[in-house]
Amino acid sequence: MEKQQNIKQKLPDKFSNFSEWYQQLILRSGLADYSSVSGCIVYRPLAYAIWEKIMQEVDKRFKQLGIKNCYFPLFIPEKLFEKEAEHIAGFKPEVAWVTHAGDTKLAERLAVRPTSEAIMYASYSKWIRSWRDLPLKLNQWNNVVRWEFKHPVPFLRGREFLWNEGHNAYATEKEAMEDLWKILNIYKDVCENILALYGIVGKKTELEKFAGAVSSYAIEFLLPNGKAAQGPDAHFDGENFAKAYDICFLDQQQQKRYVQQITYAISTRMIGVMVAIHSDNHGLVLPPKVAPTKIVIIPIFDKQTKQNVLDYAKQVKSELVKLLSNSDSDAIIIDDREQYTPGYKFNEYELKGVPVRIEIGMRDIEQESVTVFRRDTLERFTIKLSQLSKIKELLDEIQKNLFEKAKQFLLSNVVTVNNIDELKQAIANKKMAKANFCCTKECEQNIAEQLEAITPRVIALDEKPNENDKCIFCGKKAQAVVYFARSY
RNA sequence: GGGGCUGUGGUGUAGCCUGGUCUAGCAUCCGAGCCUUGGGAGCUCGAGACCCCGGUUCGAAUCCGGGCAGCCCCA
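Residues numbered from 1 in each chain as written. Chains lettered and ligands numbered in written order. Predicted model: local features only at pLDDT ≥ 70, side-chain atom pairs only at ≥ 80, totals over all residues.

Peer 1: Outline the domain arrangement of chain A, listing residues and values.
Peer 2: Here chain A is described as being made up of domain 1 (18-278), domain 2 (295-394) and domain 3 (414-487). Computed over C-alpha atoms only, the centres of domain 1 and domain 2 are separated by 41 Å. (Domains from an automatic or database assignment.)

Take a look at the structure:
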């Protein structure tokens, strides 16, 4: 473990002072640090390890779907970028441009990718000729730059972030949509079963959908400060990009047709969402499946007992390594530093979110037991050495408990509202509000102008308005049930 | 997009209003040593800071302007 600064200062309170709490937690737990570039953070090893875990889990599932990884250039020539009108309109305000090489001005400036449709589809246009070339399912794990002007929040809003961008092309809309749902379910699976997060899967409204897409789907999360954060998403582009970038093929009837496309992404924003939802005033709380260190063993000894205790600790560690069949050097660690007291170490690992702590001193040795502390509930108890296998169950239990808590948090903070006043009230109470909505672009624009920062997050997929229900904004016939919240 | 607040060693802060006593205080962190170890131990010694540029003034951490950075509120 790296040295930590500031470890003796308490965190601000999560619920009364969320922003301060979040910011200090990120810095002090060693997840990330600010860099010399405003809006760009450093992902320190702890954060990067979590990101690696997300990548592994998603990637494994992508490969089962036949998605292949590749890499396209960071730069996009301006003319290429401008081909799809809505796409460029959506992204241009926050594109960073490369204009010079040394002191020489470039003939055509290059966009630093905010997303890679343009550069990838120029290749797709060359590669796809026949129905035999389809489907084409390519993904890249990369970085993108979007020069935001709102103030940055580590992980949740930054100018450069890491993500996957998948770009699939199909002969038919039916195939495209089938895969879109499989991919959304992969993201949902990883969010729920790895990150222990519960979100709402829904369809984006007209103004909130991806620039250039026909329709967008996303998983929305609610943070403890009442703001919603969009998690992984998937977009159906229809033929929009295919027409702009001339991606077509000859079908079995020898008809020239445009491909049907989908795109999908999950980003490092999920690290921020996860941290914000699970962690507490002691520090990070990491689900065992993402925590790079799952168990920390703290030996407690003095000069006389040192050797005994350390030997016992090593024995416990090697049994745990076997038990978890995890040989990562970080997965189970013994902290035998002598210059720090046990109390100091307890606080340190709570700050860093290690799921399980095992304390071993003479008392435990005499009783052939170990003292166990679980990070999620802050409970401490003793188990016999012969019962060490229970630790594995405990890790599963913690994982499950975090998910259930996250699910409860979201479900208990969604309220149904019947008019604008109730909506405002719900948002003021840090809730997500569910309301009947006409889903017209005009009405949505009015909301954006009149309701301050309240935006429609997603259209519910499992719920429809009744026959006579009206839109709570304009009073016209309701088309859908929509979730509203303040947004990150 | 608009308004407000803030910027002092690595970190958190005192000082700023009312310029001089600031050779900038405290805590933590960092280095050396002793001593300790079941919830952030103790002692000794050492190292370390006024965001940047300009202005006012005999004199600026302190006042003024601009820049940069961070935070909050509102659109």
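Text resumes after the structure shown.
Peer 1: Lay out the sheet that holds strand β19 (residues 379-384) in plain terms, naming residues and giving numbers.
Peer 2: Overall, mixed pairing links the five strands, which are arranged β16-β15-β17-β18-β19 in an open sheet. Across the chains shown, the open sheet's two edge strands, defined by having one partner strand only, are β16 (332-334) and β19. Mean inter-strand twist for the sheet, computed between neighbouring axes without regard to direction, equals 25 degrees. When strand β15 (residues 295-299) meets β16, the two strands line up parallel, connected through three bridges. From the neighbouring strand, I295 faces β16, where its bridge partner is I332. Along the sheet, helix α12 (residues 390-411) makes contact with β15, β17 (356-360), β18 (369-374) and β19, crossing β17 at roughly 145 degrees. (Pairing = 2+ DSSP bridges. Helix = DSSP H or I, 4+ residues; strand = E, 2+ residues; numbered from the N terminus. Axes fitted to C-alpha atoms, helices over the stretch in contact; angles between N-to-C directions. Contact = placed C-beta atoms within 7 Å.)

Peer 1: So what's going on with the protein's contact with RNA strand B? Residues and values would help.
Peer 2: Around RNA strand B lies a shell of 38 residues, among which S19, G343, N347, G361 and E452 are the nearest. Elements with a minimum of two residues in the surface near RNA strand B: α1 (18-28), α10 (342-352), α11 (362-366) and β18. Tallying contributions element by element places α10 first for the surface near RNA strand B, with eight residues. A class-by-class count of the residues in the surface near RNA strand B yields 13 nonpolar, 12 polar and 13 charged. (Near = placed C-beta within 6 Å. Nonpolar A, V, L, I, M, F, W, Y, C, P; charged D, E, K, R; others polar.)

Peer 1: Outline the nonpolar core, supporting the account with residue identities and numerical values.
Peer 2: Grouped together as the largest cluster of nonpolar side chains are 127 residues, with contacts concentrated most on L195, L197 and V273. Apart from the residues within four sequence positions on either side, L197 is in contact with C191, E192, F221, V273, M274, I277 and A406. (Core = buried A, V, L, I, M, F, W, Y, C linked by C-beta atoms within 7 Å. Buried ≥ 20, exposed ≤ 12 C-beta atoms within 10 Å, placed from the backbone.)

Peer 1: Give me the lowdown on unusual backbone geometry, citing residues and values where you can.
Peer 2: Residues L134 and P135 are joined by a peptide bond in cis, for which omega reads -5 degrees. Mapped onto the elements, P135 comes out in the loop between α5 (117-127) and β7 (136-145). For F155, which is not glycine, the phi torsion reads 75 degrees and is therefore positive. Looking at the element boundaries, F155 is found in the loop between β7 and β8 (160-170). In this structure, Q254 takes a positive phi of about 65 degrees despite not being glycine. Classification of Q254 by C-beta neighbours within 10 Å gives exposed; the count is 7.

Peer 1: An account of the pairing of strand β6 (residues 104-112) is needed here, citing residue identities and associated values.
Peer 2: In the sheet, strand β4 (residues 75-77) pairs with β6 via three bridges, with the strands oriented antiparallel. For P77, the partnering residue across the bridge sits in β6 and is L110. Here five bridges tie strand β5 (residues 96-101) to β6, and the two strands are oriented antiparallel to one another. By the bridge assignment, H100 is partnered in β6 with K105. Here β5 folds back onto β6 in antiparallel fashion, the turn holding two residues, of which G102 has a positive phi close to 60 degrees.

Peer 1: Pulling in residues and values, what's your account of the pairing of strand β11 (residues 227-238)?
Peer 2: Of all 12 residues in β11, 11 are buried, a share of seventy percent or more. For strand β10 (residues 215-222) and β11, the ladder comprises seven bridges, and the chain directions are antiparallel. Bridge pairing in β11 links L222 to A228. Taking the residues that link successive antiparallel strands as the turn, the β10-β11 hairpin has four residues, and the phi of G226 there is positive, at about 85 degrees. As defined by bridge partners, β11 adjoins strand β23 (residues 480-487) across two bridges and the pair is classed as parallel. Along β23, the bridge assignment pairs K227 with R486. Pairing geometry for β11 and strand β14 (residues 260-267), over five bridges, is antiparallel. Within β14, the position partnered with D233 by the bridge is A265.

Peer 1: Give me helix α13 (residues 420-428): which residues, what numbers.
Peer 2: Listed as buried for α13 are L423, A426 and I427. Across the axial projection of α13, the buried residues extend over an arc of 95 degrees, all falling on one side. Summarising the geometry of α13, the exposed residues directed more than 90 degrees from the buried face are D421 and A428. Next to the buried residues of α13 lie β20 (414-416), β21 (432-437), β22 (454-460) and β23. Count one or two residues on from α13 and you reach K430, which has phi positive near 65 degrees. (Arc of directions from axis to C-beta.)

Peer 1: How would you summarise the environment of L110 if you had to cite specific residues and measurements?
Peer 2: Within the secondary structure, L110 sits in strand β6. L110 sits in the partly exposed class, given 19 other C-beta atoms within 10 Å. Considering only alpha carbons, one finds L110 and E379, 269 residues apart in sequence, at a separation of 55 Å. Residues in contact with L110, not counting those within four places in the same chain, are F75, I76, P77, W97 and V98.

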